[in-house]
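# Structural characterization, general
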Amino acid sequence: MNTANNTGGLRPIRRLLWATVAGTALAFGAAALWRAFTPSDLPAPRVTGEAAIVNSYSLTDHAGRSVTPDSYDGQWQLVFFGFTFCPNICPTTLAYIASVMDILGPEADQVAPIFVTVDPARDTVDVMAEYVAAFHPRLIGLTGTEAQAAEATANFRVWYERSEGADAPDGYLMAHSGYIYLMRPDGGFDTVYREGDQPPEALADEILMRIERDERS
Amino acid sequence: MKLFLAAVCTAMFSAAALAEVVVSDPWARASILASRPGAAYLTLRSDADDRLLSATTPVADHVMIHASETDADSVARMIHLDALDLPAGRMVRFAPGGMHLMLMGLAGKLDEGASFPLTLTFERAGAITVGVPVLGVAATGPEVEP
Ligand SMILES: [Cu+2]
């Protein structure tokens, strides 16, 4: 089984996060790393907080509209990367995000759940439309060209690989990072969660807490 | 002494003959799109040390035993297992986000409410066929399904 990585060196999200809390020197290092992997012709990135995760992309939503993070300005954004050929982790995580949206009740209006494909060749706009609708009416599916998807994954420090295997559908399986990113209404990176780490009620509480804190200030 | 050994052997053989695997809570997630792989989940418990060697179903070309491994960087990867060890008395759970039976080459979409037979072949317990109900796309298991 051969594996091919997408963009080298993007794996250590965790380590980058630790680096940023560890101190300024390391944060500068991460920033240098980020520059090293960011093509110069990207739209002005929204660098926020101390983390090296950059909420920047130019993609097409499941209704065929061109979108950038600005399209969700003013809303908290729950962003998850996956692909529709993923039978286990992706549907599990998307169903989890859907229940978080349901638990949020009326406050869900302030949250945009976003599913970005790392497999844009197979996950076309039409495929994404059918797929996201199965989970939640508010779920947004984003796809694009290979280059656009690569740019999005690089900015989010999402690591994925393609494994060639005879048994895999269409000849390849994919591995990918399982983080759910929470972005603030100004587009800045807030934090990451994983599906298995807390029940949906707990994640909904975390988001509600932030919404309330924002409203008080 | 020889007699004693023979007795032990007989005891072991009869234990093997009685070895039983209990398959519980099988279910599969409904397909959203055609020609995508599916996933089925269940719980296994064997009286004696045994191994799950393979699984087959008429609804899929082949079924793969997949573990799911998430590394320190939270990269999730599916690991193909040729066989799965079932230590005596231990509950082995296949569950969403973790170990699953991957259904490759599905003949059609798995529709919620349908069910299909799945035959599991064990090294000692032999073949066991169970009916697998298809639950909704957001299901997390048979118990919590409304
Ligand atoms: Cu699998």
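So, how was this worked out
- Residues numbered from 1 in each chain as written.
- Chains lettered and ligands numbered in written order.
- Predicted model: local features only at pLDDT ≥ 70, side-chain atom pairs only at ≥ 80, totals over all residues.
- Heavy atoms only, no water.
- Helix = DSSP H or I, 4+ residues; strand = E, 2+ residues; numbered from the N terminus.
- Contact = heavy atoms within 4.5 Å.
- Areas by Shrake-Rupley, 256 points an atom, 1.4 Å probe, with all protein chains shown as cover.
- Buried < 20%, exposed > 50% of the residue type's maximum accessible area, 1.4 Å probe, protein only.
- Disulfide = S-S within 2.5 Å.
- Core = buried A, V, L, I, M, F, W, Y, C linked by side-chain atoms within 4.5 Å.
- UniProt positions renumbered as here; feature names shortened; annotations may be inferred.
- Salt bridge = Lys/Arg side-chain N within 4 Å of Asp/Glu carboxyl O.
- Polar contact = N/O pair within 3.5 Å; in protein donor to acceptor, adjacent residues only side chain to side chain.
- Donors = N, O, S within 2.8 Å, 3.2 Å for Na, K, Ca; no water.
- Tetrahedral: all angles 85-135°; square planar, octahedral: opposite > 155°, others 65-115°.
- Pairing = 2+ DSSP bridges.
- Axes fitted to C-alpha atoms, helices over the stretch in contact; angles between N-to-C directions.

Regarding its fold elements, chain B presents one helix and ten strands. In chain B, the succession of α and β elements from N to C terminus is α-β-β-β-β-β-β-β-β-β-β. When contacts within chain B are restricted to residue pairs at least 6 apart in sequence, long-range pairs at least 24 apart make up 67% of them. By element, 59% of the accessible surface of chain B is carried by carbon and sulfur atoms, the whole surface being about 7,200 Å².

So, about the overall build of chain A. When helices and strands are tallied, chain A shows six helices and ten strands. Here chain A, with 217 residues, has 54% of them falling under the buried criterion. The long-range share in chain A, meaning contacts at least 24 apart out of those at least 6 apart in sequence, stands at 72%. Carbon and sulfur atoms form 53% of the exposed surface of chain A, whose accessible area is close to 9,000 Å².

Residues and elements named next belong to chain A. A full pass over the atoms with the stated rule returns one disulfide over all chains. Residue pairing for Cys-86: its cysteine sulfur links by disulfide to Cys-90, the two sulfurs lying 2.4 Å apart. Classification of the bridge connecting Cys-86 and Cys-90 rests on its S-S torsion, roughly 100 degrees, and on that basis the disulfide is right-handed.

Let us look at the nonpolar core. When a protein is soluble and globular, its nonpolar side chains tend to lie buried together. In this structure, Tyr-181 of chain A together with Leu-44, Phe-94, Leu-101 and Leu-120 of chain B are the most contacted members of the largest nonpolar core, which totals 90 residues. By residue number, the principal contributor to this core is helix 3 (residues 89–104) of chain A, which donates nine residues. Look past the residues within four positions of Leu-44 of chain B in its chain and what remains in contact with it is Val-21, Val-22, Val-23, Leu-52, Leu-86, Arg-90, Met-91, Val-92, Phe-94, Leu-120 and Phe-122 of chain B.

Moving on to the UniProt feature "binding site: Cu cation" (unreviewed entry) in chain A. Residue and element names in this part refer to chain A. With numbering matched to this structure, UniProt assigns "binding site: Cu cation" (unreviewed entry) to Cys-86, Cys-90 and His-176. Summarising the element assignment, Cys-86 is placed in the loop between strand 4 (76–82) and helix 3. The class of Cys-86 is buried, set by a relative accessible area of 5%. Looking at the secondary structure, you find Cys-90 in helix 3. With a relative accessible area of 0%, Cys-90 lands in the buried category.

Pairing between side chains of opposite charge can happen when their charged atoms approach one another. Under the criterion given, the structure shown has eleven salt bridges over all chains. For Glu-130 of chain A, the salt bridge is made with Lys-109 of chain B, and the minimal N-O distance between the two is 3.9 Å. With Glu-130 of chain A in helix 4 (residues 125–133) and Lys-109 of chain B in the loop between strand 8 (100–106) and strand 9 (115–122), the pair connects residues from two separate chains. Here Lys-109 of chain B falls in the partly exposed class, since its relative accessible area comes to 37%. Note that Asp-197 of chain A and Arg-194 of chain A form a salt bridge whose closest N and O atoms lie 3.2 Å from each other.

All names here are of chain A. With respect to the helices and strands, Gln-198 occurs in the loop between strand 10 (189–194) and helix 6 (200–216). Exposure remark for Gln-198: the relative accessible area of 18% places this residue in the buried category. A polar contact of 2.8 Å, which involves the side chain of Gln-198, links it to the side chain of Tyr-96. Within the structure, Gln-198 has its side chain in polar contact with the backbone oxygen of Arg-194 (distance 2.9 Å).

By secondary structure assignment, the location of His-66 of chain B is in strand 4 (residues 60–70). His-66 of chain B has contacts with Met-78, Ile-79, His-80, Gly-98, Met-99, His-100 and Met-102 of chain B, leaving out every residue within four places of it along the chain.

Glancing now at the coordination of the copper ion. All names here are of chain B. The copper ion binds to the protein through His-66 (ND1), Met-78 (SD), His-100 (NE2) and Met-102 (SD), with metal-donor distances spanning 2.0 to 2.3 Å. Seen from the copper ion, its four donor atoms lie at angles of 92 to 118 degrees, and the figure they make is tetrahedral. Motif for the copper ion, donor spacing along one chain: H-x11-M-x21-H-x1-M. Met-102 gets classed as buried once you look at its relative accessible area, which sits at 0%.

Another aspect to go through is the sheet that holds strand 10 of chain A. Residues and elements named next belong to chain A. Read across the sheet, seven strands follow the order 3-2-6-5-4-9-10 without closing on themselves; strand pairing throughout is mixed. Every other strand in the sheet has two partners, leaving strand 3 (66–67) and strand 10 as the edge strands with one partner each. Bridge count between strand 2 (residues 59–61) and strand 6 (residues 140–143): two bridges; the pairing is antiparallel. In the strand pairing of strand 6, Asp-61 is matched with Leu-142. Docked against the sheet, helix 4 engages strand 2, strand 5 (111–117) and strand 6, running at close to 155 degrees with respect to strand 6. Lying over the sheet, helix 5 (residues 146–155) contacts strand 2, strand 4 and strand 5, oriented at roughly 100 degrees with respect to strand 2.

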